[in-house]
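# Summary of structural features
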Amino acid sequence: MTTTTKKTTTTSRRSTAAKKPTPKKPTEPKVIETKIELTPSSYVHEIFAAISSEKTKDAKINILQQYNENFIKSVLIWNFDESIQSVLPEGSVPLQENENSQKNPSSNIRKEWNKFYNFVKGGNDAMNKLRKETMFINILESFHPGEAEVLCLVKDKKLQTKYNITKELVSEAYPDIQWGNRS
């Protein structure tokens with residue numbers, strides 16, 4: 001008697017139905033970074049925005065050094081020097097909407113920085129508080145909204161909440177600034 005063994009093999013059968021394409025993950029839109037073009041007459045908020053947009057510390061310092069001007073230094077000193085105390089109330093400033101100043105500002109930080117001593121302790125203590133506040137509001141209302149925002153942040157020492165600028169960065173860019181003992 002002979003026995004034969006039948007070899008059976010199983011083959012996997014592939015479905016003849018069309019495979020559903022695997023859904024592609026949506027591609028994220030490419031972020032196009034635009035370099036902020038600065039000019040010698042750029043507003044302070046534009047300069048600070050350009051500094052904040054830079055990735056490296058050296059690039060940030062380079063921009064600060066390009067604008068080695070007293071108006072920039074005074075704003076940064078007011079914000080970062082712990083010995084300077086604002087005499088203005090903290091918080092938002094009641095500004096009147098003025099479309100003209102938004103389209104055609106009559107002034108800016110570059111022109112008005114020499115009046116900022118009036119708004120800090122020891123600067124002009126003879127001027128009464130109401131006069132200081134009125135002067136501050138009038139200055140802000142003549143500014144471009146970005147400039148006004150910078151000055152409001154500085155009076156409350158909160159510039160770094162909007163712009164990526166630190167005291168250490170400022171100290172390295174402007175080693176001539178002596179910090180402390182100002183009031």
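Residues numbered from 1 in each chain as written. Predicted model: local features only at pLDDT ≥ 70, side-chain atom pairs only at ≥ 80, totals over all residues. Heavy atoms only, no water.

### With respect to the packing of helix α1 (residues 44–53) against helix α3 (residues 70–80)
Formally: The convention used is that axes are lines fitted to C-alpha atoms, helices contributing only their stretch in contact, and that angles between N-to-C directions extend from 0 to 180 degrees. Only DSSP runs of H or I covering at least 4 residues are called helices, and only runs of E covering at least 2 are called strands; the numbering of each starts at the N terminus. An angle below 35 degrees is treated as roughly parallel, one above 145 as roughly antiparallel, one from 65 to 115 as roughly perpendicular, and anything else as oblique. By the convention used here, residues are in contact when the closest approach between their heavy atoms is within 4.5 Å. Residue type decides the class: Asp, Glu, Lys and Arg count as charged, Ala, Val, Leu, Ile, Met, Phe, Trp, Tyr, Cys and Pro as nonpolar, and the leftover types, Gly among them, as polar.
Two elements in contact, α1 and α3, have axes separated by 11 Å at closest approach and are oriented at 70°. By the angle class used here, α1 and α3 are roughly perpendicular. From α1, Val44, Ile47 and Phe48 reach across to α3, where they touch Phe71, Ile72, Val75 and Leu76. Split into classes, the residues belonging to the contact of α1 with α3 amount to 7 nonpolar, no polar and no charged.

### Observations concerning the packing of aromatic side chains
Using the following cut-off: Planes of paired rings set the category: under 30 degrees apart is stacked, over 60 is edge-to-face and the rest tilted, where pairs are Phe, Tyr or Trp rings (Trp by its six-membered ring) whose centres lie within 6.5 Å. In this scheme, a residue with accessible area under 20% of its type's maximum is buried, one over 50% is exposed, and one in between is partly exposed, where area comes from a 1.4 Å probe on protein chains only.
On inspection of all chains with the given rule, the structure shows 4 aromatic pairs. Both rings, one in Phe119 and one in Phe136, keep their centres 5.1 Å apart while their planes meet at 75°; by these two values the pair is edge-to-face. Highlighted residues: Phe119 in the loop between α5 (109–112) and α6 (129–141) and Phe136 in helix α6, separated in sequence by 17 residues. In this structure Phe119 comes out as buried when scored by relative accessible area, which is 0%. Among the aromatic residues, those joined into a cluster by ring pairs are Trp78, Phe116, Phe119 and Phe136.

### Focus: the packing of α6 against helix α7 (residues 145–155)
As a reminder of what qualifies: Left-handed describes a crossing in which the near helix is turned anticlockwise from the far one by less than a right angle; the clockwise case is right-handed.
Two elements in contact, α6 and α7, have axes separated by 9 Å at closest approach and are oriented at 145°. Crossing of α6 against α7: the hand is right-handed. Residue-level contacts link Phe136, Ile139 and Leu140 of α6 to Ala148, Leu151, Cys152 and Lys155 of α7.

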